[in-house]
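Each chain, written out:
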Amino acid sequence: MSSRTADIDFTFTRELTVRTTIGALATTGWALEEPLSYMVNDDDLYDWQSTTREHTRDVVAVLDAPRHAKHHVAVCIYHEEASTGGQLLFFPGRLTCSFIPTINRRRLPDSVDFTDLSWYLHTLVPPLLAVGLKSYEACDIGH
């Protein structure tokens, strides 16, 4: 089996917050992963932290804090019904974010390598339209 990288890059018409994005994605079954995994890249180390869902409010406040607007921030989201999830990475300025399927990545039927990007697009794009989605680009690259 080859090594693959898949991601979907989203561009928005206006700045978005982690809170707004997570709220929109919840309408199609996405939620924060337990344990709650998150990252603020304020030191170029991409140091992931984890905590319990009872700290969700505090974690989201940290990720959305104005002092982190110029940093990458990320949180892991999970679709319980589909048993899959990944990292939602927000870029400085908050006009773009990426989804990287890293938790039980869904594969195309009859394929051990290719990611089922259409499934992810089907569950991610409609709710993101409501928060100003302007465009997306999806890729699945073998190494």
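Everything discussed here concerns the structure shown above.
On a predicted model such as this, the values are computed, not experimentally measured, just so you know. (Residues numbered from 1 in each chain as written. Predicted model: local features only at pLDDT ≥ 70, side-chain atom pairs only at ≥ 80, totals over all residues. Heavy atoms only, no water.)

(A) Spotlight on the packing of helix α1 (residues 18–26) against helix α3 (residues 117–129). At a closest axis distance of 8 Å, the pairing of α1 and α3 adopts a crossing angle of 120 degrees. When the axes of α1 and α3 are compared, the pair comes out oblique. Of the two elements, α1 crosses α3, and the hand of that crossing is right-handed. Residue-level inspection shows Thr 21, Ala 24 and Leu 25 of α1 in contact with α3, the latter providing Leu 124, Pro 127 and Leu 128. A breakdown of the residues in the contact of α1 with α3 according to their chemical character gives 5 nonpolar, 1 polar and no charged. (Axes fitted to C-alpha atoms, helices over the stretch in contact; angles between N-to-C directions. Helix = DSSP H or I, 4+ residues; strand = E, 2+ residues; numbered from the N terminus. Parallel < 35°, antiparallel > 145°, perpendicular 65-115°, else oblique. Left-handed = near helix turned anticlockwise from the far one by under 90°. Contact = heavy atoms within 4.5 Å. Nonpolar A, V, L, I, M, F, W, Y, C, P; charged D, E, K, R; others polar.)

(B) Molecular detail of unusual backbone geometry. Between Glu 34 and Pro 35 the backbone carries a cis peptide bond, its omega angle lying at 0 degrees. Relative to the assigned elements, Pro 35 resides in the loop between β2 (30–32) and β3 (36–41). A positive phi angle, near 60 degrees, is found at Asp 44, a position not held by glycine. Here Asp 110, not a glycine, exhibits a phi torsion of approximately 65 degrees, which is positive. Mapping Asp 110 onto the fold places it in the loop between β7 (96–103) and α3. Using a relative accessible area of 88% as the deciding quantity, one classes Asp 110 as exposed. (Buried < 20%, exposed > 50% of the residue type's maximum accessible area, 1.4 Å probe, protein only.)

(C) Broad picture of the pattern of salt bridges. For the structure on display, the rule yields 1 salt bridge. The residue Glu 34 makes a salt bridge to Arg 53 at a minimum N-O spacing of 3.8 Å. Of this pair, Glu 34 sits in the loop between β2 and β3 while Arg 53 is found in the loop between β4 (48–51) and α2 (56–64), placing the two residues 19 residues apart along the sequence. Residue classification places Glu 34 among the partly exposed residues on the basis of a relative accessible area of 42%. (Salt bridge = Lys/Arg side-chain N within 4 Å of Asp/Glu carboxyl O.)

(D) A look at the packing of aromatic side chains. This structure, assessed with the given rule, holds 4 aromatic pairs. Every member of this aromatic cluster is reached through a ring pair, and the members are Trp 30, Phe 99, Trp 119 and Tyr 120. A cation sits over an aromatic face here: Arg 106 above Trp 119, 4.3 Å from the ring centre. (Phe/Tyr/Trp six-rings, centres within 6.5 Å; stacked < 30°, edge-to-face > 60°. Lys NZ or Arg CZ within 6 Å of the ring centre and 35° of its normal.)

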